[in-house]
Amino acid sequence: MIRARRLLRGPWARTEHLLPVASFVVILVAFLVVPGLEGDPLNSGAWFNGFQGFAPLGLVALALGLTLIAGEFDVSVLGMQALGGVLAVRAGGHSGLLGVLAAVAGCGFLGLVQGGLIARLRLPSLPVTIGSYVALIGLTNVLANDQTLTYGNLNASVWVDNTLFGWFSPRSLITFAAFALAIALIGCTKLGPELKALGAERRGARVSGVPVERRITLLFVISAALAGLAGALLSYSEASATLDPGLQPLILAVAAAVLGGVSLSGGRGVVWGLLLGSVAVALLEQLFTIISLSAATTQILFGALLLVIVSVDAPDLKTSLRATGQRLAQRAKPRSETV
Amino acid sequence: MTGRTVAKEGAAPLRAPRLNGRLTIAGAAACAFAALVLVLALTTHRFLTWQNIKAILSSASLVGIEALGLTFVTMVGGVVSLAVAEVAVVTAMAFLAMLGAGLVPALAIAMALGAAVSGIQGFAIGAWNANPVMFTISAAFLIDGVGQGLNNGQIVQPAAGGYGTLNATPLGVPVAVYVLVGLALALQFVTRRTVLGRQIMLVGENRPAARAAGLPITRVVTLAFAIAGIAFGIGGAFLGSFNAGASVLSEGTITFDAIAAVLVGGTSITGGHGSPLRTLAGSLAIAAITDVLLLRGFSTGPQVLLKGMLVVVVVVVTQARSRGRR
């Protein structure tokens, strides 16, 4: 009994650990059970498709999640994803690798400019990245001459979606590799605690010697490069570059990050949680496809799910509910006395 | 994120720019940018014609009306609403569907629906301190899904012809332009001359201080969002009338255009500052720049690119002024 209570108080009981595991398990069970109930048991194709969805989602969620942990919010991942797609299609005509490199380098460079601006001038990241998101969509259109670009390099298109080990493709494995790299980098260096310190208490982090400007700049470079990579691989897979991805990638990435235990106010979250959150959201999306929900219903369900998560994450929810409860109790009291 | 303790006096929050190295660079960049645009505009053939000015006004009107509403969200500390276009489209649908009851009732319903849908979001943000960007983006996704589901994804057609009145052009200027200017003046009055307006500013400037002062935060934030929703509803009615139909496809780039107008108007993203009149100026500036590029034969790409860069430049200049906030 005592041991169980101690277990509940241990590091596992922290939200950043509990939330990703819980949401992953719930969605995994649903993914395993629901198709069977519909009379169409899972096959390896469902897993493959789920991880195909995970490929771009995971990269964007990792990009967004890392910035969220540090207390910043990078809307421009949407624009970087679009730009990465066009850069890869433009530069990767002969060599797919060259296109990916161009996308990562180009987006990374713009991320450096943006991150440097935000860090040096201490700007709030939201309005800056909203502006740069719009600018990047414009730049993408300029580079593509306002037309959807088709990608002629069929070899690269086929290669990224090869089935490997039944469930995976090079695309999804690259995303897993990015997560592995991030876990290693952030788990084994000072970077992890530094990111959390930046998000939880910026001034304290500065005072205790965290190179704030350099870390924030680095984060925006990583975020942009990851989003560019996601866009490049996605445009290879679709054999064309989308000029405007819409809001959906951002919504799914936010859902993945929050289910992965990242707090929207910064300072909380771990990379493996982000990984579990991304896989969970990708499987959920695939589940909706399997049971053939309409696009509208899928959107309503994701929107409602996210609204609940954001409300639960809200810092004053408990206080507000308690106050309402007290007010109702007070109102009920005099009435019961008169009766 | 805000830890500002600078006291504001007077109604107009005008501050003398402090002289520091970064500011002067940013300021110089902004001045150079403004000068460039001005020179480009004045040297553009046909820019200074009555015809073209009317075109600028009418292209600013729709996004301008939405941006005026969004200003209230930003001023009360709600950062931005990412559900502007979605609220506008569902109100447009309601407006068109209710036209059978007459123009005025349909308009009233559009405004009431906008106020309700936006006010609910304001309640969550005011009462629970929910993250406004995330909450509104989730709401946008949900509303968009509902909009798709309604009418089975078909375009909502006007139930009667009354919407033509909103497309009229008395004295050669579209009705939407009159509404834009009238709404800007009315909202400016609310901001500067009513108790609610002052409360909105205080809650946006410093929520803990407003709470300590005993302000009803939940009510103020909800009302600010509801006022924004009324503007989104009016904009939605015009959106539905312009297109003589409404579907989620008409959302386009309204949300980010409205955000751009608010930011270019110089309203501080962290709340407590700004004015509807400045937002009006911001939306006119964006419309004028887009118009210059259009007259000079640039396609959509460069127009959008420049709009985004303009937002970044203005944010750098307005935010770099108040330093040491983190």
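See the structure shown above.
Residues numbered from 1 in each chain as written. Chains lettered and ligands numbered in written order. Predicted model: local features only at pLDDT ≥ 70, side-chain atom pairs only at ≥ 80, totals over all residues.

Chemist: Even after reading the chapter, I still don't get the overall build of chain B, so can you show me in this structure?
Modeler: Looking only at helices and strands, chain B has 12 helices and 0 strands in total. Each helix and strand of chain B, ordered N terminal to C terminal, gives the series α-α-α-α-α-α-α-α-α-α-α-α. Here chain B, with 326 residues, has 56% of them falling under the buried criterion. (Helix = DSSP H or I, 4+ residues; strand = E, 2+ residues; numbered from the N terminus. Buried ≥ 20, exposed ≤ 12 C-beta atoms within 10 Å, placed from the backbone.)

Chemist: I tried to follow the overall build of chain A on my own but got confused; where do I start?
Modeler: Secondary structure assignment for chain A yields 15 helices and 2 strands. Principal axes of the C-alpha set define a box for chain A whose edges measure 85 × 60 × 40 Å. Burial status across chain A gives 52% buried among its 339 residues. Within chain A, residue pairs in contact and separated by at least 24 positions form 78% of the contacts whose partners lie at least 6 positions apart. (Contact = placed C-beta atoms within 7 Å.)

Chemist: Looking at this structure, I do not really get the interface of chain A and chain B. What am I missing?
Modeler: By convention, interface size is frequently given as the accessible area that disappears when the constituent parts associate. Counting residues at the interface gives 45 residues for chain A, matched by 46 residues for chain B. Mapped by element, the contributors of at least two residues to the side of chain A that touches chain B are α6 (125-143), α12 (248-259), α14 (295-313) and α15 (317-338) of chain A. The leading source of residues in the side of chain A that touches chain B is α6(A), at 14 residues. Grouping the constituent residues of the side of chain A that touches chain B by class yields 30 nonpolar, 10 polar and 5 charged. (Nonpolar A, V, L, I, M, F, W, Y, C, P; charged D, E, K, R; others polar.)

Chemist: Sorry, what's going on with the environment of B:Gly172 here?
Modeler: Residue placement: B:Gly172 occurs in the loop between α5 (132-149) and α6 (175-193). Owing to 8 C-beta atoms within 10 Å, B:Gly172 belongs among the exposed residues under this scheme.

Chemist: I would appreciate a short explanation of helix α3 (residues 44-69) of chain A in the present structure.
Modeler: Structural remark: α-helix, 3.6 residues per turn; residues separated by three or four positions point the same way. Residues and elements named next belong to chain A. Along its length, α3 reaches its greatest deviation from straightness, about 35°, at Ala55, and the proline Pro56 lies no more than four positions downstream. Most of α3 sits out of view: 21 of its 26 residues are buried. Following α3 by one or two positions, Gly71 adopts a phi angle in the positive range, close to 80°. (Bend = angle between axes of the 7 residues up to and from the residue.)

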